[in-house]
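Topology and contacts: notes
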Amino acid sequence: MAFDRATRDLGVLVGFDGSRQSILALHYGALAAQRSGRVLTVVSAYSVPTPVYTTLAAVPNKSEAELASAAAKKVLDEARRYLQDYPGKVIYRIERGDAAGVLVDLSALAELAVVGARGRGGFLGRVLGSVSSALPAHADCPTVVVPRQYKVSEAGGAARFAQGEDRRPVVVGIDRSPASRVAVLQAAFAAQNRGVALQMLLALPSLEGWLEWYPELEPSDAGVTDRRQTQLEKDLETEVQWVKAHYPALEVTASVKPGDPVAQLVKQTREAQLTVVGTRGRGGFTGALLGSVSRGVLLRAMGPVMVVPELQEPRLSDQPESSR
């Protein structure tokens, strides 16, 4: 079934555990839901450990499930307080189960999922938590991972959720594969929603990395990279026109930048208001749900990153011939 926002009744789905980074995700999700006019769904999940009691006196008055559910309710109350002046519709849900699994299941009913880079269960020193690692790889909708560097408004009341003026572009990594074009269409929607430009970026790895495989190439032959860059820039004009056919009012640019794809996109996370990648591109291994580029960007991102899964997208029927 094709991805259809209108049928995704949970709208913008936010995983919330009361941690500082989940508050950043909650704020981001609230603004995203407000922009798109959709419901904001806030979810807190809890799991119940297998109880072990050595004596009858050690058995608590309330079951482990009741205690865990009550704790999750308290966590959701924190989200309610944060959103008390939010002008949009909010659904609050408590779900039993592993947080990542719960969010993956609910992502089939959401148009966008949002999580913080790490939650309360993260190990000290880990950049990505278990949920922010698993959800982008398995979700049935795009996932935004919000890093700790994300800035939220310090205003009180409804002013906290005012849409500030941000003219920074939305940047999307592309390798001209069908999977990356799905990401491009999602990025175009995000850019149009924000009223900003879309910048498509194709990274061209350096020639040095290929010398071991193609010894006939000379490292001093800089012209090879230059010629390849010029050709790819011409090819990207077709990509730009394809996007504009679906988003006529959107300003779209494309560029080819020599260098490592991860490094190039990580740099963009500092300069763009949103950086978009696909789960896997041309270089992905068949069994890898999250590719090396998307994972590398998430690990080093300085701004929000959207990871787009391989959604069924009817608009690919008219994609440029180069990669069909």
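Each value, and the rule that gives it
Along each chain, the written sequence defines residue order, and numbers are assigned to residues from 1. Per-residue local features are limited, in this predicted model, to residues with pLDDT of at least 70; the limit for side-chain atom pairs, both in listing and counting, is 80 or more; totals at the level of whole chains, interfaces and linings are taken over all residues. Calculated side-chain values reflect all of the structure's heavy atoms, with hydrogen atoms and water omitted. When two rings of Phe, Tyr or Trp (its six-membered ring) have centres within 6.5 Å they constitute a pair, described as stacked for plane angles under 30 degrees, edge-to-face for angles over 60, and tilted for the intermediate range. Only runs of H or I of at least four residues qualify as helices and only runs of E of at least two qualify as strands under DSSP, and these elements are numbered from the N terminus. Burial here depends on accessible area, computed with a 1.4 Å probe over protein chains only, as a share of the maximum for the residue type. Under 20% is buried, over 50% is exposed, and the range in between is partly exposed. Only one rule defines a salt bridge in this text: a Lys or Arg side-chain nitrogen within 4 Å of an Asp or Glu carboxyl oxygen. Here an axis means a line fitted to C-alpha atoms, over the contact stretch when the element is a helix, while the angle between two N-to-C directions is reported on a 0 to 180 degree scale. Should an angle fall under 35 degrees it is taken as roughly parallel, and over 145 as roughly antiparallel, whereas 65 to 115 is taken as roughly perpendicular and any remaining angle as oblique. Throughout, a crossing is termed right-handed when the near helix is turned clockwise from the far one, and left-handed when it is turned anticlockwise from it by less than a right angle. In this analysis, two residues are considered to be in contact whenever any of their non-hydrogen atoms come within 4.5 Å of each other. Following the grouping adopted for this structure description, the nonpolar residues are Ala, Val, Leu, Ile, Met, Phe, Trp, Tyr, Cys and Pro, the charged ones are Asp, Glu, Lys and Arg, and the polar ones are all others, Gly among them.

Right, let's talk about the packing of aromatic side chains for a bit. Going through the model one piece at a time under the given rule, you end up with 3 aromatic pairs. On the numbers, 5.6 Å between centres and 65° between planes, the contact of Y28 with Y150 is edge-to-face. Taken as a pair, Y28 in helix α1 (residues 20-36) and Y150 in the loop between β5 (143-146) and β6 (170-173) lie far apart in primary sequence, 122 residues in all. Side by side, Y28 and Y150 carry an identical accessibility label, which is buried. Ring geometry for Y86 and F161: centres 5.3 Å apart, planes at 80°, overall edge-to-face. Here Y86 is found in the loop between α2 (64-82) and β3 (90-96), whereas its partner F161 is found in the loop between β5 and β6, with 75 residues between them in sequence.

This brings us to the pattern of salt bridges. In this structure the tally under the stated criterion is 9 salt bridges. Residue R93 pairs with E95 through a salt bridge whose shortest N-O separation is 2.7 Å. Given a relative accessible area of 26%, R93 falls into the partly exposed group. In this structure, the salt-bridge partner of R176 is D235, at a minimum N-O distance of 3.3 Å.

Below, the discussion takes up the packing of helix α3 (residues 99-106) against helix α4 (residues 130-138). Following both chains from N to C, one finds α3 and α4 inclined at 25°, their axes separated by 9 Å at the closest point. When the interaxial angle is binned, α3 and α4 end up roughly parallel. Crossing hand, α3 versus α4: right-handed. Only V131, A134, L135 and H138 of α4 make contact with α3, whose side of the interface consists of A99, A100, L103 and V104. Of the residues that constitute the contact of α3 with α4, the class distribution is 7 nonpolar, 1 polar and no charged.

Turning our eyes to something else, we now look at unusual backbone geometry. Its identity as a non-glycine residue notwithstanding, R176 has a phi of 70°, on the positive side. Assignment of secondary structure puts R176 in the loop between β6 and α5 (178-194). Among the residues examined, R176 registers a relative accessible area of 14% and is labelled buried.

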